[in-house]
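Survey of secondary and tertiary structure
Below are the chains, spelled out letter by letter.
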Amino acid sequence: MSDTTSTPRPGTGVTDQEALDFHKQGRPGKIEINPTKPMATQRDLSLAYSPGVAVPVKAIAADPGTAYDYTSRGNMVAVISNGTAILGLGNLGALASKPVMEGKAVLFKRFADVDSIDLEIDTENVDEFINCVRYLGPSFGGINLEDIKAPDCFIIEQRLRELMDIPVFHDDQHGTAIIAAAGLINALELTGRDLKTTKLVCNGAGAAAIACVELIKAMGFNPDNIVLCDTKGVIYQGRSEGMNQWKSAHAVKTDNRTLADAMKGADVVFGLSQKGAFSAEMIRSMAERPIIFAMANPDPEITPEEVARIRDDAIMATGRSDYPNQVNNVLGFPYIFRGALDVRASTINDEMKIAAVKALANLAREDVPDDVVAAYQGTRPRFGAQYIIPVPFDPRLISAIPVAVAQAAIESGVARRAIPDMAAYARELSARRDPIASTLAQLYERVRRHPKRIVFAEAEEEQVMRAALSYANQGLGTAILLGREDLLHATAERAGIDLTRPGLEIVNARISKRVEAYIDYLYARLQRRGYLHRDVTRLIHNDRNHFAACMVALGDADGVVTGVTRNYSTALDDVRRCIDAKPGHRIIGASLVLARGRTVIVADTAVHDMPTAEELADIAEEAAGFARRLGYEPRVAMLAYSTFGHPSGERSERVREAVNILDRRYVNFEFDGEMAADVALNRKIMQTQYPFARLSGPANVLVMPAFHSASISTKMLQELGGSTVIGPLLVGFDKPVQITSMGAKDSDIVNMAAIAAYGAGA
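Residues numbered from 1 in each chain as written. Predicted model: local features only at pLDDT ≥ 70, side-chain atom pairs only at ≥ 80, totals over all residues. Heavy atoms only, no water.

As annotated in an unreviewed UniProt entry, the protein chain carries the name NADP-dependent malic enzyme and comes from Rhizobium calliandrae.

Shown next, in the form of structure tokens:
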């Protein structure tokens, strides 16, 4: 093997050997198939296969549309290639294309939760390829063609679209076109150009280039202002050399014959050709503020560094991830198919593609969340010359593009299923990628119906300010920004946040008219606990947590969220000086753990270090009530290292006594213990080994014997088990209070604010 195995590929930092090791390690390849239904018992097998499977078979025979209800067809895409144009590698054959097609299947799943399987067809004969694919229609909801050379790809896609009643989409063509068109819309906006008068040159006349030209024409670009070039120069009317029907469709009347001729005075140039195709003189000859999309991969026609040496007014995009404005197909195909599948579309038409273009362009103009910044370990991108295209790990893509595509499919008449509530559909899409979104969706909807005023105690911090803006923008209520105006406005200007937007309210603790009322309230609470009047005055004037908590205590806000700038226990002590537990309740910390489709509440994860038996019983009651408010019927397991007396120990006796206390209280929820975690969570173990156990199913509320065990277990589940943990969430306060972890992201802060608002009730 050559020395290149240890040399990183341009723009990736990945060596050849690392790539080989990645694909070989463990189970070779990148995909596997897992069942979606239980297969543990004979009954399961009887339902999954014979005799139970005969029932959906008959139903589908009677009504083929029910295949979407009883099989995976509605979420299954075939990724199909013959390997005649693999990435930038050329014709290496069907088998060699398999790693790429597996990769495409992984991207479908990772970004849009679309199941997919790769199929490599070992023929270069167009008719044979078409004949093979056309009969696969019943198996899939859509066909993604990939890495097929031009002009074969045009013929194959066109004929399969005519023969099949499911979407057939050649991503090398349309994916690139959609992403490039979205970037172009924003570049035109930034440079003050109009779609109908802009002059564009496209260098390259292969599948992607032809698709780009066709799409921007469909969007309203003047055909006379588009010049297409190939290796032989300008494609003009009357040219015969190297022509075919797809090139001829875009031939224009012009005296230009070379790429250099065409680029003189051009506003935009699309490069879908090869490294070095654009010379310095060509770039220099373009119009002011030129738009240059050098999309050849892996090496662009000209690099941003080379352009910067020639002129300083250009907007650039490439196909490379190490440069701004990456034209990356993963921004398109997973989400386009997601929307098409969800309305059972018969095709992907121009209206759906244009809808995806507009959704992408609009998303790039919105404020960027912390999740994106964290994924790229850099500064926060803002709409401008360096950010005209969203980045692939933007979590909002899943809820923006499919909705636009689905709506366009319905309106253009190619959908076979309607979606009555697009807003609810967008929330469902977010939940497919984000288990937090799934768990909190109902909570968010409740808050939207009854919006609340939440005070963000640390609003001078940028991520808190962004969270407040998101809270307001999502219709959850009014976000009260607590801080000094000068610092708030300085942070907002630096972050590109408009503080005049509806739903934002600024409160300065030092000049608020409510200061004296808060001082009097807090002094009455603390005067017999060692605090002088001047001590309380100092707290209200200088400490944001005390001021914010007093706002809530006296009804000037419905809830408070804090914790970003100081440790959890300190923030909790601050708030407890101002707000008591709800009468008859105990303040506890409860965490939501989401793992393998299950949601479990773990308590106490924040307040009680080594609870007594009485405190454990109280924690169980608080946690059960919290579960009910979230829509779960609680099944509470009092956990210990032992199960029903074995092995015995002092700490288990505390848990056992807590169960006895709950018995004496006649609580209205299922509970049992003491028991080990595996018994609590595994109904089969409980039934076979402990048939006397009182839980009717696996526990969904776990009461830990001590804070340290709660903290250790939740963190281990998060790091080793891949679980999502929300919290700790504070339960039992008389007024809604939530404390985030130090340095929390804006999305985490919004969740906490929404939970606080939910706690404020209707």
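Once you've had a look at it, read on.
1. Let's talk about the UniProt feature "domain: Malic enzyme N-terminal" (unreviewed entry) in the protein chain
The positions UniProt marks with the feature "domain: Malic enzyme N-terminal" (unreviewed entry) are residues 28-161. End C-alpha to end C-alpha, residues 28-161 measures 34 Å, and it is 40% helix and 12% strand. (UniProt positions renumbered as here; feature names shortened; annotations may be inferred. Helix = DSSP H or I, 4+ residues; strand = E, 2+ residues; numbered from the N terminus.)

2. A word on the sheet that holds strand 12 (residues 477-482)
In space, the five strands of this open sheet follow the order 13-12-11-14-21, with parallel pairing throughout. With one partner strand each, in any of the chains shown, strand 13 (504-507) and strand 21 (737-739) form the two edges of the open sheet. Neighbour-to-neighbour, the strand axes of this sheet turn through a mean angle of 20°, independent of strand direction. Bridge count between strand 14 (residues 559-562) and strand 21: three bridges; the pairing is parallel. Looking at strand 21, one finds that T562 is bridged to I739. Along the sheet, helix 31 (residues 746-759) contacts strand 11 (452-456), strand 14 and strand 21; its crossing angle with strand 11, the most-contacted strand, is approximately 135°. (Pairing = 2+ DSSP bridges. Axes fitted to C-alpha atoms, helices over the stretch in contact; angles between N-to-C directions. Contact = heavy atoms within 4.5 Å.)

3. Let's talk about the environment of A693
Mapped onto the elements of the fold, A693 is located in the loop between helix 29 (683-689) and strand 19 (701-703). Other than its neighbours up to four places away in sequence, A693 contacts F644, D672 and M686.

4. Focus on the side chain of S116
Relative to the assigned elements, S116 resides in strand 2 (residues 115-120). One polar contact links the side chain of S116 to the main-chain carbonyl oxygen of V77, over a distance of 3.4 Å. What S116 contacts, discounting residues up to four positions off in sequence, is M76, V77, V79, A105 and F108. (Polar contact = N/O pair within 3.5 Å; in protein donor to acceptor, adjacent residues only side chain to side chain.)

5. Describing the pattern of salt bridges
Counted by the stated rule, this structure contains 43 salt bridges. Measuring nitrogen to oxygen at the nearest pair gives 2.8 Å for the salt bridge that ties D342 to R338. Highlighted residues: D342 and R338, both in helix 14 (residues 333-342), separated by four residues, approximately one helical turn. When its relative accessible area of 1% is taken as the criterion, R338 is described as buried. Notably, a salt bridge pairs R665 with D618, separated by 2.8 Å at the nearest N-O pair. Separated by 47 residues along the polypeptide, R665 in helix 27 (residues 650-665) and D618 in helix 26 (residues 613-629) bring together distant segments of the chain. Taking the relative accessible area as the measure of exposure, D618 reaches 17% and is therefore buried. The network of salt bridges with common partners includes R586, E614, E615, D618, E621 and R665. (Salt bridge = Lys/Arg side-chain N within 4 Å of Asp/Glu carboxyl O. Buried < 20%, exposed > 50% of the residue type's maximum accessible area, 1.4 Å probe, protein only.)

6. Regarding the sheet that holds strand 4 (residues 168-170)
Across the sheet, four strands lie side by side as 2-1-3-4; this open sheet has parallel pairing. Every interior strand has two partners, whereas the edge strands, strand 2 and strand 4, have only one. The sheet shows a mean angle of 25° between the axes of neighbouring strands, direction not considered. In this sheet, strand 4 lies alongside strand 3 (residues 142-145) in parallel orientation, the contact comprising three bridges. Its bridge partner being in strand 4, L145 is matched across the sheet by H170. Strand contacts of helix 8 (residues 171-191): strand 3 and strand 4, with the helix running at about 75° to strand 4, the strand carrying the most contacts.

7. A word on the pairing of strand 16 (residues 598-603)
On a regular strand, one side chain projects to one face of the sheet and the next to the other, so that they alternate. By the criterion of burial, strand 16 is predominantly enclosed, with five of the six residues buried. Relative to strand 19, strand 16 runs parallel, the two being bridged by three bridges. Paired with V602 across the two strands is L702, which belongs to strand 19.

8. As for a nonpolar patch on the surface
Residues L87, L89 and L92 make up a contiguous nonpolar surface patch of roughly 340 Å² in combined accessible area. With respect to the helices, strands and loops of the structure, L89 is situated in the loop between strand 1 (76-81) and helix 5 (98-112). Looking at L89, the relative accessible area reads 57%, which means it is exposed. (Patch = residues over 30% accessible without salt bridge, like charges linked within 9 Å, V, L, I, M, F, W, Y side chains within 5 Å. Areas by Shrake-Rupley, 256 points an atom, 1.4 Å probe, with all protein chains shown as cover.)

9. Overview of the nonpolar core
One finds I143 and F270 to be the most contacted residues of the largest nonpolar core, which totals 102 residues. The contacts of I143, once residues within four sequence positions are left out, are A78, I80, V133, M164, I166, P167, V168, F169 and F337. (Core = buried A, V, L, I, M, F, W, Y, C linked by side-chain atoms within 4.5 Å.)

10. Overview of helix 24 (residues 544-553)
A large share of helix 24 lies buried, amounting to nine of its 10 residues. Residues of helix 24 that are buried: N545, H546, F547, A548, A549, C550, M551, V552 and A553. Capping the start of helix 24 is the job of one residue whose side-chain oxygen sits 3.0 Å from the backbone nitrogen of N545: D543. Following helix 24 by one or two positions, G555 adopts a phi angle in the positive range, close to 85°.

11. Details of the packing of helix 26 against helix 27
Contact pair helix 26 / helix 27: the axes reach a minimum separation of 8 Å and the direction vectors enclose 60°. Comparing their axes, helix 27 and helix 26 come out oblique. With respect to the hand of their crossing, helix 26 and helix 27 are arranged in right-handed fashion. Counted together, A613, E614, L616, A617, D618, A620 and E621 of helix 26 and R654, V655, E657, A658, I661, L662 and R665 of helix 27 form the full contact between these two elements. Looking at side-chain class alone, the contact of helix 26 with helix 27 contains eight nonpolar, no polar and six charged residues. (Parallel < 35°, antiparallel > 145°, perpendicular 65-115°, else oblique. Left-handed = near helix turned anticlockwise from the far one by under 90°. Nonpolar A, V, L, I, M, F, W, Y, C, P; charged D, E, K, R; others polar.)

12. Re the packing of aromatic side chains
One pass over the structure, following the stated rule, counts 11 aromatic pairs. Here the aromatic rings of F108 and F337 are separated by 5.5 Å at their centres, their planes lie at 75°, and the arrangement is edge-to-face. Separated by 229 residues along the polypeptide, F108 in helix 5 and F337 in helix 14 bring together distant segments of the chain. Each member of the pair F108 and F337 is classed as buried. Residues F644 and Y690 carry aromatic rings whose centres are separated by 5.5 Å and whose planes lie at 55° to one another, so their mutual orientation is tilted. Here the residue F644 occupies a position in the loop between strand 17 (635-639) and helix 27, and Y690 occupies one in the loop between helix 29 and strand 19, the gap between them amounting to 46 residues. (Phe/Tyr/Trp six-rings, centres within 6.5 Å; stacked < 30°, edge-to-face > 60°.)

13. Description of the pairing of strand 20 (residues 724-731)
With respect to burial, strand 20 is a largely interior element, six of its eight residues being buried. Judged from the six bridges that link them, strand 15 (residues 588-595) and strand 20 form a sheet pairing that is antiparallel. Bridge assignment links I588 to a residue of strand 20, and that residue is V731.

14. Some details on helix 14
Counted residue by residue, helix 14 has 10 buried out of 10 residues, so it is predominantly covered. Every buried residue of helix 14 is listed here: F333, P334, Y335, I336, F337, R338, G339, A340, L341 and D342.

15. Considerations on the environment of I389
Within the secondary structure, I389 sits in the loop between helix 16 (370-376) and helix 17 (397-411). The residues contacting I389, other than those within four sequence positions of it, are I179, G183, A317, N325, Q326, V327, L331 and A364.

16. Quick word on unusual backbone geometry
The amide bond that connects A150 to the next residue, P151, takes the cis arrangement and shows omega of 0°. Mapped onto the secondary structure, P151 falls in the loop between strand 3 and helix 7 (152-163). Positive phi, close to 50°, is recorded for F644, a residue that is not glycine. On the accessibility criterion, F644 (23% relative accessible area) is partly exposed.

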